[in-house]
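Spelled out from the first residue to the last, the chains are:
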Amino acid sequence: MSRYFSWGNIPVLLVAVGLANTAQAANITIAVASNFTGPIKQIITDFEQQTGNHVRLTLGSSGKIFAQISHGAPFDIFLSADSVKPAALEKRGLTVPGSRFTYAIGTLALWSPRPGVAVKQGAILKSGKFDKLALANPRLAPYGVAAKQVLQSLKLYRALAPKLVMGENIAQTYQFVATGNADIGFVALSQLHHAKGSRWIVPHQLYQPIDQDAVILKAAKNNQAVFAFSRFLRAADARKIILAFGYKIPQ
Amino acid sequence: MNTGFSQADLIAIWLTLRIATVTTLVLLIIGSPIALWLARTGSRWKGPVSAVVALPLVLPPTVLGFYLLIIMGPNGPVGELTRALGLGTLPFTFWGLVVASTIYSLPFVVQPIQNAIEALGPRPLEVAATLRAGPWDRFFTIILPLARPGFVTAAILGFAHTVGEFGVILMVGGNIPGVTQVISVQIYDHVEAMEYTAAHWLSGGMVVFSFIILTLVYSFNRRRKSSGGTYGV
């Protein structure tokens, strides 16, 4: 080990890393809530083609990304699954003031990968003819909060509590249902873009709107490519992609 | 907030201890014959079997969790078997976590026992065989007493490693209080929900617990060594 490594080399290494960064100034790093995986990949592809900039994508639960940003993670933009976390970052002075906006409004769906399952109007929930119902953990995930609200609106939450299994985020919830380990589950409609089976798009009056906010982080305040990406996210091309995945957009 | 453990935390602690205890018993029952065979065999299958046993050491827990979810699910071979037996499917159940933990902690039980038996050498068993001791007799009167430190180390490590398990349980557990919501998952949830005080209580407890366990293992092994012979030969 000591043959290859000495503390004296550290300054050299740091300079090398610094040079590598300035040489690729048009790099931007974005952290995105996992429910938005499908659309963001298409949007990034379009953005890179049109601007020549390079985008690095980090996917995860909003809670984890929030904690990482609070502890100095080097992200330029954060696309949350809710509006609470970007607002909290703003309050702590970790964002570029005035950069926060709602990029999408999430839609919840009840889904089974098998065809012919009576998910419409939540019929299967009322009949109770299933073993396990998956939802994202309401303590952690906005789509979990919405799913809990739907069950409460239908006055079924208490009755179904023993059948609930919880994913840490909406991606794991989808996985539980896709592998058949849960018969049905509340997932994000955006995740069902290519999925087959039975789905019920839950009416929006049964849960509080899932406003998904984006915010530019302080470290990026002088990076023009980041602001370009933020504008791109609101432009016609991106909106078309977002809508195609089943989200709504404000106005 | 500074009231120590919540009701949910206590449930998680009790559940974790139950899973670890059951898993350790299952591991000793399954792991002993594997270790015995590996210690004695000259078969060309020794390499591949050793590799399979050691796989959980090097594979990310996500790989194990992902495959267990598929294999134990209703469309997987194990899932079809358990359903045909009228047991339902294993993910999201206590026994599902025991199965997952058994696979995950297998090397921690097999390897100490195997080492202890190998250290005995073939002599004691050959002598016993000439005295017409059967295989069961040999195991309980020769191997178990002579290789006891190996079995004790295996049990402690298997238990501790199961208590510390996280990734696999996160993937096949489904986070059900009292059924699959173990300490490590509960800590993860506390951190994600920004309840750092609650996370500190459980995390601090785990650090103390692990320290005590490892201290026990090392002082136990050292005492054996200083009193002559690593594994009581």
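Residues numbered from 1 in each chain as written. Chains lettered and ligands numbered in written order. Predicted model: local features only at pLDDT ≥ 70, side-chain atom pairs only at ≥ 80, totals over all residues. Heavy atoms only, no water.

Draft legend 1. Just the overall build of chain A, in detail. Scanning chain A from terminus to terminus reveals 10 helices and 10 strands. Expressed along its principal axes, the backbone C-alpha trace of chain A runs to roughly 70 × 50 × 35 Å. The buried share of chain A, taken over its 251 residues, is 50%. A separation threshold of at least 6 residues defines the contact pool for chain A, and within that pool the share at least 24 residues apart is 76%. When the accessible surface of chain A is split by element, carbon and sulfur atoms take 57% of a total near 12000 Å². Looking at charge distribution, chain A has the averaged site of its 27 positive side-chain charges lying 5 Å from that of its 11 negative ones. (Helix = DSSP H or I, 4+ residues; strand = E, 2+ residues; numbered from the N terminus. Buried < 20%, exposed > 50% of the residue type's maximum accessible area, 1.4 Å probe, protein only. Contact = heavy atoms within 4.5 Å. Areas by Shrake-Rupley, 256 points an atom, 1.4 Å probe, with all protein chains shown as cover. Lys, Arg positive; Asp, Glu negative; His and termini not counted. Charge placed at Lys NZ, Arg CZ, Asp CG, Glu CD.)

Draft legend 2. Fine view of empty space enclosed by the protein. All names here are of chain A. Counted according to the given criterion, the structure contains one cavity of 30 Å³ or more. If you go around the largest cavity, you meet 15 residues; those closest to its centre are S62, A81, A141, P142 and N169. Elements that contribute at least two residues to the lining of the largest cavity include exactly α3 (62–70) and α6 (142–153). (1 Å grid on protein atoms, 1.4 Å probe; cavity = no way out; pocket = protein on both sides within 12 Å on 5 of 7 lines; lining within 4 Å. Points joined across faces, edges and corners; volume = space filled by probe spheres on them.)

Draft legend 3. Focus on helix α1 (residues 7–40) of chain B. With 34 residues, α1(B) ought to run about 50 Å at 1.5 Å a step, and its terminal C-alpha atoms sit 49 Å apart, in line with that. At B:G31, α1(B) shows its largest kink, close to 30°, and the proline B:P33 lies no more than four residues downstream. (Expected span 1.5 Å × (residues − 1). Bend = angle between axes of the 7 residues up to and from the residue.)

Draft legend 4. A nonpolar patch on the surface, seen in detail. Residue and element names in this part refer to chain B. A grouping of F66, Y67, I70, I71 and V78 is seen on the molecular surface, where their side chains present a nonpolar patch of about 400 Å² in accessible area. Looking at which element gives the most residues to the nonpolar patch, the answer is helix α3 (residues 61–72), with four residues. Looking at the secondary structure, you find I70 in helix α3. (Patch = residues over 30% accessible without salt bridge, like charges linked within 9 Å, V, L, I, M, F, W, Y side chains within 5 Å. Salt bridge = Lys/Arg side-chain N within 4 Å of Asp/Glu carboxyl O.)

Draft legend 5. The arrangement of the sheet that holds strand β10 (residues 210–216) of chain A in detail. All names here are of chain A. Spatially, five strands are ordered β2-β1-β3-β10-β4 in an open sheet, and the strand pairing comes out mixed. Looking along the sheet, the strands with just one partner apiece sit at the ends: β2 (54–60) and β4 (101–106). Neighbour to neighbour, the strand axes of the sheet diverge by 20° on average, direction disregarded. Where strand β3 (residues 77–79) meets β10, three bridges bridge the pair, whose relative direction is antiparallel. Bridge assignment links L79 to a residue of β10, and that residue is A214. (Pairing = 2+ DSSP bridges. Axes fitted to C-alpha atoms, helices over the stretch in contact; angles between N-to-C directions.)

Draft legend 6. The confidence of the model for chain A, seen in detail. Residues and elements named next belong to chain A. Of the residues in chain A, 90% have a pLDDT of 70 or more, and the chain-wide mean is 89. Across chain A, β3 holds the top mean pLDDT of 97, while helix α1 (residues 10–23) sits lowest at 50. This stretch, residues 17–25, has a pLDDT under 50; its non-local contacts, to residues over four places away or in other chains, come to one contact. (pLDDT = per-residue confidence, 0-100.)

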